[in-house]
Amino acid sequence: MGVNASVLAIDAGNSKTDVALIGADGTVLSTARGGGFQPPAVGIETAVDALGAAVGRALELSREPVDSVAHVSACLANADLPVEEEQLAAALRARGWGATVEVRNDTFAILRAGVDEPRGVAVVCGAGINCVGMVPDGRTARFPAIGRISGDWGGGSGLAEEAMWFASRSEDGRGEPTELARTLPAHFGLGSMYALIEALHLGRVEFERRHELAPVLFATAAAGDPVAGALVDRLAEEVVAMASVALGRLDLLDEEAPVVLGGGVLAARHPQLDAKIAELLAVRAPKAVLRVVTQPPVLGAALLGLDHTGAAAPVHERLRAQYC
């Protein structure tokens with residue numbers, strides 16, 4: 001006889017997938033890691049096949065054989081719209097991994113990992129930027145977060161492109177002077193923005209590597225460059241705009257609600273960015289409590305699963321203690 005697992009938690013990002021199998025008492029029975037989850041590139045079924053490989057390893061590695069799973073809690077990249085969540089949930093239900101299935105955007109996992117109850121707002125800035133919020137009664141706040149067509153600005157890739165725009169115009173005389181014209185190409189061992197533009201255009205530097213320039217932007221800003229500094233300040237404004245709107249939608253502006261920051265850009269704790277976010281949020285949402293999430297997002301997916309099953313507080317606490 002095997003055990004009946006409570007939650008199969010899945011956190012699937014563009015570059016990697018983490019899976020955790022959770023027992024009814026909150027014990028982590030097993031974990032597994034897989035590749036990235038990119039249904040827009042490979043199709044839903046192929047992407048879910050990749051999830052299945054990681055789920056299969058988690059079931060095989062369980063400290064006890066698993067007879068059944070009560071609930072699948074999947075927080076997935078590229079599930080940006082409710083209709084996409086519904087499509088992916090249908091695909092996961094067809095695999096029969098658990099009795100019930102709930103799919104959310106992966107930003108919800110970061111939020112839930114950073115709060116003690118399903119209440120608060122998270123802003124995530126990695127390759128892109130996104131914001132979600134939730135309260136215990138089930139209401140949520142979210143944005144489409146699919147790029148400029150949905151009003152987004154920021155994220156590591158977006159920041160890098162903005163920095164290159166200013167640096168290129170600085171070098172050729174169309175724009176104001178900025179040290180970015182030197183520091184950006186120097187990151188790739190090149191002597192000019194023209195050389196960097198050519199290298200990117202001809203593929204000598206992979207275009208995907210442009211996200212490497214975001215830390216260069218922050219370093220240039222920290223050295224006192226006004227153009228780079230203005231871009232950092234604009235990112236802070238975007239973070240606070242998203243957070244304050246989400247707080248307002250959930251009637252949390254007048255409460256001591258957590259605002260969780262996550263993703264590579266925000267978790268890097270750049271002093272200028274952190275200070276500007278705190279300054280602006282104090283005006284827009286003075287009772288908000290800023291925190292940076294350090295726990296892995298798969299914990300958030302698992303906690304959302306326990307929320308769904310109605311698990312008692314000690315079960316949540318036992319689960320969280322295993323990720324401290």
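First things first, this report covers the structure right here in the doc. Just so you know, the residues in each chain are numbered from 1, in the order the chain's sequence is written. Predicted model: local features are reported for residues with pLDDT of at least 70 only, side-chain atom pairs are reported and counted for 80 or more only, and whole-chain, interface and lining totals are derived from all residues. To obtain the side-chain values, all non-hydrogen atoms of the structure were used and water was disregarded.

**What to know about the sheet that holds strand E2 (residues 16-22)**
So, point 1. Following DSSP output, two strands are said to pair if at least two bridges run between them. Here a helix means four or more residues in a row that DSSP labels H or I, a strand means two or more in a row labelled E, and each is numbered from the N terminus. Read across the open sheet, the five strands follow the order E3-E2-E1-E4-E5; overall the sheet is mixed. Looking along the sheet, the strands with just one partner apiece sit at the ends: strand E3 (28-35) and strand E5 (100-105). Each strand axis lies, on average, 20° off the axis of its neighbour in the sheet, ignoring direction.
So, point 2. Here strand E1 (residues 3-12) runs beside strand E4 (residues 66-76); their pairing, made up of nine bridges, is parallel. Its bridge partner being in E4, Asp11 is matched across the sheet by Cys75.
So, point 3. Only heavy atoms matter for contacts: two residues are in contact if any of them lie within 4.5 Å across the pair. Angles here are taken between N-to-C directions and fall from 0 to 180 degrees, while the axes themselves are lines fitted to C-alpha atoms, restricted in helices to the stretch in contact. The sheet contacts of helix H3 (residues 82-95) involve E1, E4 and E5, and relative to E5 the element is tilted by about 145°.

**Details of the packing of helix H6 (residues 180-187) against helix H8 (residues 213-222)**
So, point 1. Following both chains from N to C, one finds H6 and H8 inclined at 145°, their axes separated by 10 Å at the closest point. Read as a crossing pair, H6 and H8 show a hand that is right-handed. Residues Leu180, Thr183, Leu184 and His187 of H6 form the contact with H8, whose own contacting residues are Leu213, Val216, Leu217 and Thr220.
So, point 2. For the contact of H6 with H8, the per-class residue count stands at five nonpolar, three polar and no charged. Working rule for handedness: look at the near helix, and if it is turned counterclockwise from the far one by less than a right angle, call the crossing left-handed; if clockwise, right-handed. Under the scheme applied here, ten amino acids are nonpolar (Ala, Val, Leu, Ile, Met, Phe, Trp, Tyr, Cys and Pro), four are charged (Asp, Glu, Lys and Arg), and all others, including Gly, are polar.

**Some details on unusual backbone geometry**
So, point 1. A positive phi angle, near 70°, is found at Asn78, a position not held by glycine.
So, point 2. Of note, Asn78 is situated in the loop between E4 and H3.
So, point 3. Of note, Ala145 is a non-glycine position whose phi angle comes to about 55°, a positive value.
So, point 4. Along the polypeptide, Ala145 turns up in the loop between strand E8 (140-142) and helix H5 (156-172).
So, point 5. Overall, the relative accessible area of 14% leaves Ala145 in the buried class. Summary of the burial criterion: residues with accessible area below 20% of their type's maximum are buried, those above 50% are exposed, and those between are partly exposed, where the area comes from a 1.4 Å probe applied to protein chains only.

**Quick word on the pairing of strand E6 (residues 120-125)**
So, point 1. A large share of E6 lies buried, amounting to six of its six residues.
So, point 2. By the alternation rule, side chains of E6 split into Gly120, Ala122 and Val124 and Val121, Val123 and Cys125, which are all buried.
So, point 3. In the sheet, E6 pairs with strand E7 (residues 129-134) via six bridges, with the strands oriented antiparallel. Each bridged residue has a counterpart across the sheet, and for Val121 the counterpart in E7 is Gly133.
So, point 4. As judged from the four bridges shared by E6 and strand E9 (residues 258-262), these two strands associate in the parallel manner.

**A word on the packing of aromatic side chains**
So, point 1. Each pair of aromatic rings taken from Phe, Tyr and Trp, with Trp reduced to its six-membered ring, is defined by centres within 6.5 Å and is described as stacked if the planes are under 30 degrees apart, edge-to-face if over 60, and tilted in the remaining cases. All told, the structure shown has one aromatic pair when counted by the stated rule.
So, point 2. With a centroid separation of 4.9 Å and an interplanar angle of 80°, the aromatic rings of Trp165 and Phe166 are classed as edge-to-face.
So, point 3. One Lys or Arg, Arg104, reaches over the ring of Phe108 and ends 5.2 Å from the middle of that ring.
So, point 4. Two limits define a charge over a ring: the Lys NZ or Arg CZ must be within 6 Å of the ring centre, and within 35 degrees of the ring normal. Above the ring of Phe143, the side-chain terminus of Arg249 is found at 4.8 Å from the ring centroid.

By themselves, these figures tell us nothing about what the structure is for.
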